[in-house]
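Secondary and tertiary structure notes
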Amino acid sequence: MNEQVRKELESFLSLQEEQGLLKRERVLEGSQGRSISVDGRPVLNFCANNYLGLSDNQEVIQAAKDAMDRWGYGLSSVRFICGTQQIHKELERRISSFLRTDDTILFSSCFDANGALFEPLLSEEDAVISDELNHASIIDGIRLCKAQRLRYKHSDMESLKSCLEESKQSRRRLIATDGVFSMDGDIARLKEICALAKQYDALVMVDDSHATGYLGKTGRGTVELCGVEGQVDLITTTFGKACGGASGGCISGNQLLIDLYRQRARPYLFSNTLAPAICGGTLKVLDLLEAGNPYKERTLSNAHYFRSEMEKAGFDLVKGETAIVPVMIYDEPKAVALADRLLQAGIYVIGFCYPVVPKSKARIRVQLSATHTKADVDRAVEAFVTEGKKMGLI
Ligand SMILES: *Cc1c(COP(=O)(O)O)cnc(C)c1O
């Protein structure tokens, strides 16, 4: 390797290490779940996106196996060459019916779905208006298109309105937002966003990755929760969080837009088809969600209970109503150190630092799941209190 490059990379990595910011992959010694073994130690898991506890659901696993038996391991093709099976069409139909949209197009991930969404629809004469806290994949997707880029202050409707005013000359305008913001766990103000979109004749896309399956009356996400069904042109979401946690994602929405993506979306045209096993597993998840979804109430009551106990204990939380509960520490090394201590105490959580969150806004993001028991949540709160006191945080 080039000597200069080597030196620069080594100094980057040692600086990360010195500042206690080096990301380490902790290796799980088994499947994902409520209680897992990490580095040889059994711990309660409070950092997975496994909101409904379906990551190790036996029915989902069996459905994935059955799909693999019936449809094979992989397609060795993109969708439009020879990579579409009935199970892919079936999954697209079922997601459209679940999300109450016209049509759906599958991707290998929601990261890809967001990478696909902007470029075919928007060019120089258009504008995309994006919440400043949107997920990295939305930001990257926007970077791939040539539209004018406007960023509004997080969930600030006045700021959104001035972006809409500023872009009045544009041919097309698209407002892009997370449904639930992944690092703060708060919900987008979709009612007001859709009203502004209507007033200014803009399109709306919502990335519901952290909501699909557990928010809203029947688990259909923030679009249902906020009462804006039919007013959102495009929804993107992942199957890698509440909906089984394997992988895969989609864009769902207006027929003409989905038709456009089947012609022009680059990750659809140039990346391999979703594996049949994932389709089979996700179809089973949809069965479970549509058959009453007994999990989501548990997810939310666990989150509510954790929030209230942590507030009582004096921790500074970002307010919200989702299963993401950010415990604000602000100082980066302290957030990392607290997470390490909690892991020692059998509670697996992660400290998040720049660039995942803004500088000086370090936090521990706690995520609740339907599989946690009340005793699990009590244990987590106890550990936070014990370690938090030792570190002088409360
Ligand atoms: C997790 C997440 C993604 C990425 O989803 P993958 O399917 O894992 O690629 C995209 N958007 C948001 C808002 C997310 O939280």
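Since we're looking at a predicted model, the values are computed, not measured.

This part covers the overall build of the chain. Secondary structure assignment for the chain yields 14 helices and 13 strands. For 394 residues, the compact-globule estimate of 2.2 N^0.38 gives 21 Å, and the C-alpha radius of gyration of the chain, at 21 Å, lies within 12% of that figure. Judged by the C-alpha coordinates and their principal axes, the chain covers about 60 × 55 × 55 Å. Split into buried and exposed, the 394 residues of the chain put 54% on the buried side.

The next point concerns the packing of aromatic side chains. Aromatic rings considered in pairs are described by the distance between their centres and by the relative angle of their planes. For the structure shown, the criterion picks out three aromatic pairs. Between the aromatic rings of Phe 306 and Phe 384, the centroid separation amounts to 6.1 Å while the plane-to-plane angle is 65°, which identifies the pairing as edge-to-face. With Phe 306 in helix α12 (residues 296-312) and Phe 384 in helix α14 (residues 374-390), this pair connects stretches of sequence that are 78 residues apart. Phe 384 carries the same exposure label as Phe 306, and that label is buried.

Moving on: the environment of Gln 85. Following the sequence through the fold, Gln 85 ends up in the loop between α2 (58-71) and α3 (86-99). Counting along the chain gives 273 residues from Gln 85 to Pro 358, while the straight-line C-alpha distance between them is 43 Å. Aside from chain neighbours lying at most four places away, what touches Gln 85 is Trp 71, Leu 75 and Pro 276.

Next up on the list: the site of the ligand. Neighbouring the ligand are 13 residues, the closest being Cys 110, Asp 207, His 210, Thr 238 and Lys 241. One nitrogen or oxygen atom from the main chain of Phe 111 is found 2.9 Å from an oxygen atom belonging to the ligand. When the free accessible area of the ligand is taken as 380 Å², the share hidden by the protein chains comes to 83%. Considering every element that reaches the shell around the ligand, the biggest residue donor is helix α4 (residues 110-117), with three residues. For the shell around the ligand, the per-class residue count stands at two nonpolar, eight polar and three charged.

Turning next to the domain arrangement of the chain. Taken domain by domain, the chain consists of domain 1 (18-52 + 294-390) and domain 2 (58-290). The straight-line distance from the C-alpha centre of domain 1 to that of domain 2 is 27 Å. For the domain 1 and domain 2 pair, buried surface summed over both sides reaches about 1600 Å², with 64% attributable to carbon and sulfur atoms. Among the residues domain 1 hides against domain 2, the three largest losses belong to Leu 52, Lys 296 and Thr 322. Together they make up 30% of the total. Where domain 1 meets domain 2, there are one salt bridge.

Moving on to the sheet that holds strand β6 (residues 173-178). An order of β3-β9-β8-β7-β6-β4-β5 is seen for the seven strands of this open sheet, with the pairing classed as mixed. Strands at the two margins of the open sheet, each flanked by one partner only, are β3 (103-107) and β5 (148-152). Averaged over all neighbouring strand pairs, the angle between strand axes comes to 20°, with direction disregarded. Pairing between strand β4 (residues 127-131) and β5: five bridges, direction parallel. Counterpart to Ser 130 in the pairing with β5 is Arg 151. The strands touched by α4 within the sheet are β3, β6, β7 (203-207), β8 (234-238) and β9 (249-253), with β8 carrying the most contacts at an inclination of about 155°. Across the sheet, helix α6 (residues 157-166) is in contact with β4, β5 and β6; its angle to β5 comes to roughly 160°.

Along the chain, Asn 57 falls in the loop between β2 (41-45) and α2. A distance of 2.9 Å separates a polar side-chain atom of Asn 57 from the backbone nitrogen of Glu 59. Residues contacting Asn 57, with those up to four places away along its chain left out, are Leu 288 and Tyr 295.

Another aspect to go through is the nonpolar core. Ranked by internal contacts, the top residues of the largest apolar core, which has 86 residues, are Phe 306, Ile 364, Val 366 and Phe 384. With seven residues, the top contributor of residues to this core is helix α11 (residues 276-290). Both domains that furnish three or more residues to this core are identified here as domain 1 (18-52 + 294-390) and domain 2 (58-290). Apart from residues no more than four positions distant in its own chain, Phe 384 is found in contact with Phe 306, Met 310, Phe 315, Val 327, Leu 338, Leu 342, Val 349, Ile 364, Val 366 and Lys 389. Within the second largest apolar cluster, 24 residues are counted, among which are Ile 105, Ala 147, Leu 257 and Tyr 261.

Here we take up a nonpolar patch on the surface. Together, Met 1, Val 5 and Leu 9 make up an exposed nonpolar region whose accessible area comes to about 300 Å². Relative to the assigned elements, Met 1 resides in the segment before α1 (3-18).

The next point concerns the sheet that holds strand β11 (residues 347-348). Strand order in the open sheet formed by three strands is β1-β2-β11, with mixed pairing between adjacent strands. The sheet terminates laterally at β1 (35-38) and β11, the two strands that pair on one side only.

Considering all chains together, one arrives at 27 salt bridges under this definition. Two residues, Glu 3 and Arg 6, come together in a salt bridge whose shortest N-O distance is 3.6 Å. Separated by three residues within a single helix, Glu 3 and Arg 6 lie in helix α1, roughly one turn from each other. We classify Glu 3 as partly exposed; its relative accessible area is 45%. Measuring nitrogen to oxygen at the nearest pair gives 3.2 Å for the salt bridge that ties Lys 89 to Glu 92. Here the residue Lys 89 and the residue Glu 92 both occupy positions in helix α3, the gap between them amounting to three residues, near one helical turn. Taking the relative accessible area as the measure of exposure, Glu 92 reaches 2% and is therefore buried.

About the cut-offs
- Residues numbered from 1 in each chain as written.
- Predicted model: local features only at pLDDT ≥ 70, side-chain atom pairs only at ≥ 80, totals over all residues.
- Heavy atoms only, no water.
- Helix = DSSP H or I, 4+ residues; strand = E, 2+ residues; numbered from the N terminus.
- Rg over C-alpha atoms; globule rule 2.2 N^0.38 Å.
- Buried < 20%, exposed > 50% of the residue type's maximum accessible area, 1.4 Å probe, protein only.
- Phe/Tyr/Trp six-rings, centres within 6.5 Å; stacked < 30°, edge-to-face > 60°.
- Contact = heavy atoms within 4.5 Å.
- Near = heavy atom within 4 Å.
- Polar contact = N/O pair within 3.5 Å; in protein donor to acceptor, adjacent residues only side chain to side chain.
- Areas by Shrake-Rupley, 256 points an atom, 1.4 Å probe, with all protein chains shown as cover.
- Nonpolar A, V, L, I, M, F, W, Y, C, P; charged D, E, K, R; others polar.
- Domains from an automatic or database assignment.
- Buried area = accessible area lost by both parts, 1.4 Å probe.
- Salt bridge = Lys/Arg side-chain N within 4 Å of Asp/Glu carboxyl O.
- Pairing = 2+ DSSP bridges.
- Axes fitted to C-alpha atoms, helices over the stretch in contact; angles between N-to-C directions.
- Core = buried A, V, L, I, M, F, W, Y, C linked by side-chain atoms within 4.5 Å.
- Patch = residues over 30% accessible without salt bridge, like charges linked within 9 Å, V, L, I, M, F, W, Y side chains within 5 Å.

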